[in-house]
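# Working through the structure, step by step
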Amino acid sequence: DFDTNNPNLPDIDSVKRRINEATGTNKTILARDPRVRKQIVSREGGTSATEAAVARGLAWLAKHQSPNGNWSLHKFNDSPGCTCENQGQVITDMGATSLALLPFLGAGQTHIVGIYKDHVREGINYLLDNQIRDGDLSFGARGNTRLYTHGQGTIVLCEALMMTGDRRLRNPAQEAVNFIVKSQHAAGGWRYNPGQAGDTSVVGWQVMALQSAHAAGLIVPNQTLNKANQYLNQAQTSDSLYGYQPGGSSTYVMTAEALLCRFYLGYNQKSPGVEYGINYLIKNRLPSKPPFNMYYMYYGTQLMHHYGGQPWKTWNAQMRDLLIASQKTNGHRAGSWTPVENHDRAGGRLYTTAMAICCLEVYYRHLPIFRELDIQ
């Protein structure tokens with residue numbers, strides 16, 4: 001189903017060797033190769049049911065791409081009579097397109113390889129066609145959406161570059177990274193618009209974008225990363241958790257996002273506060289029956305997968321079954337997830353679906369940072 005005979009795929013023995021030798025954060029996307037997915041899914045805690053849910057989700061996303069290559073949170077490219085309503089009102093088409101592309105890339109689908117390569121190519125072209133001259137990928141964004149949109153678009157360009165080596169993407173991706181660097185506040189954070197004092201939610205997307213850029217061989221100033229760590233120091237509360245902004249009280253959502261950022265910025269499982277934060281989330285905030293917060297699920301799932309051990313096994317058992325059970329399987333909504341929690345409703349069905357698919361791709365979307373896999 002995943003175009004495994006495409007001549008553009010790299011030598012499989014080379015892929016396996018690189019996975020087995022991978023360390024740290026620079027080779028995390030190697031496991032997306034469809035030819036090694038079965039082994040990795042089984043070893044990391046996925047099942048045939050998680051893969052089936054991913055396949056249904058990608059098919060739903062592909063069906064709802066607009067003719068000009070973008071996705072929208074406001075309306076869908078539906079057949080006559082389709083009732084796939086979308087409640088999302090806060091993210092532009094640039095943001096929606098980036099969100100939709102993330103799970104395709106997570107499944108090893110690029111604009112060169114995969115059964116959805118045409119969809120991915122048209123989506124990436126839409127981002128490139130609407131990138132502003134200074135590298136900004138948030139065309140049309142208003143209010144609190146601008147740097148969310150830009151960070152997500154930057155991740156897409158960097159991952160597509162890393163996965164394909166397509167030189168056409170290098171300059172746009174580097175310009176997008178440069179825009180993030182220029183937009184950082186003096187205290188190390190990012191918020192809705194360039195230069196604003198930071199909040200942890202927006203910081204997370206920029207740190208993930210900078211990590212993807214670094215892994216893709218782009219220029220990321222060390223000073224920018226150091227300042228991001230300084231911001232997180234300020235956002236860390238007295239109980240070793242993290243708040244939305246420095247000086248505020250801690251929240252479980254921001255704690256998951258901040259700890260994931262810490263891992264990409266150099267922390268490990270033994271770093272100060274990490275074990276406490278992991279145990280707090282496992283004890284108090286395991287994924288539970290709807291309405292669950294998909295944003296928290298997205299960051300918490302990546303965090304626990306990297307951390308590993310019993311916390312990951314406990315989290316995965318809950319996350320996996322909840323998402324499989326809550327996916328729609330009939331009618332026009334088949335393959336999607338219905339937004340229930342307040343933040344999810346603000347993003348809408350496309351947002352919720354994209355985030356859920358990424359969670360179920362966690363087994364191979366990024367290699368675990370702190371342990372090696374032995375792929376035969």
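The structure we're discussing is the one just above.
Presented here is an overview of the structure given in this document. Computed from a prediction, not measured in an experiment: that's the story for all the values here. (Residues numbered from 1 in each chain as written. Predicted model: local features only at pLDDT ≥ 70, side-chain atom pairs only at ≥ 80, totals over all residues. Heavy atoms only, no water.)

## Re the overall build of the protein
Helices and strands together make up the secondary structure of the protein, namely 15 helices and zero strands. Over its C-alpha atoms the protein spans a radius of gyration of 19 Å, differing by no more than 12% from the 21 Å that the globule rule assigns to 376 residues. Counting the 376 residues in the protein, one finds 59% classified as buried. Long-range pairs, those at least 24 residues apart, make up 71% of the contacts in the protein with a sequence separation of at least 6. (Helix = DSSP H or I, 4+ residues; strand = E, 2+ residues; numbered from the N terminus. Rg over C-alpha atoms; globule rule 2.2 N^0.38 Å. Buried < 20%, exposed > 50% of the residue type's maximum accessible area, 1.4 Å probe, protein only. Contact = heavy atoms within 4.5 Å.)

## Re the nonpolar core
M319 and L323 are the most contacted members of the largest nonpolar core, which has 111 residues in total. Setting aside residues up to four positions removed in sequence, L323 forms contacts with F292, M294, M297, W337, A356, C359 and L360. (Core = buried A, V, L, I, M, F, W, Y, C linked by side-chain atoms within 4.5 Å.)

## Observations regarding the packing of aromatic side chains
Here a ring pair, both rings aromatic, is described through the centre-centre distance and the interplanar angle of the planes. Applying the stated rule across the entire model yields eleven aromatic pairs. In textbook terms, an aromatic cluster arises when at least three aromatic residues are bridged by ring pairs, as seen for W205, Y295, Y298 and Y299. Note that R37 overlies the ring of Y364, its terminal NZ or CZ placed 4.0 Å from the centroid. It is R285 that lies over the ring of Y252; its NZ or CZ is 4.0 Å from the centre. (Phe/Tyr/Trp six-rings, centres within 6.5 Å; stacked < 30°, edge-to-face > 60°. Lys NZ or Arg CZ within 6 Å of the ring centre and 35° of its normal.)

## Quick look at the packing of helix α4 (residues 93–106) against helix α6 (residues 146–164)
Two elements in contact, α4 and α6, have axes separated by 8 Å at closest approach and are oriented at 35°. In the packing of α4 onto α6, the handedness of the crossing is left-handed. Between α4 and α6, the contacting residues are M94, G95, S98, L99, L101, L102 and L105 on the first element and T149, Q152, G153, I155, V156, E159, A160 and M163 on the second. Residues belonging to the contact of α4 with α6 are distributed by class as follows: nine nonpolar, five polar and one charged. (Axes fitted to C-alpha atoms, helices over the stretch in contact; angles between N-to-C directions. Left-handed = near helix turned anticlockwise from the far one by under 90°. Nonpolar A, V, L, I, M, F, W, Y, C, P; charged D, E, K, R; others polar.)

## Some words on the environment of L73
Here L73 is to be found in the loop between α3 (48–63) and α4. Overall, the relative accessible area of 0% leaves L73 in the buried class. L73 sits 276 residues away from R349 along the chain, and the two C-alpha atoms are 7.8 Å apart.

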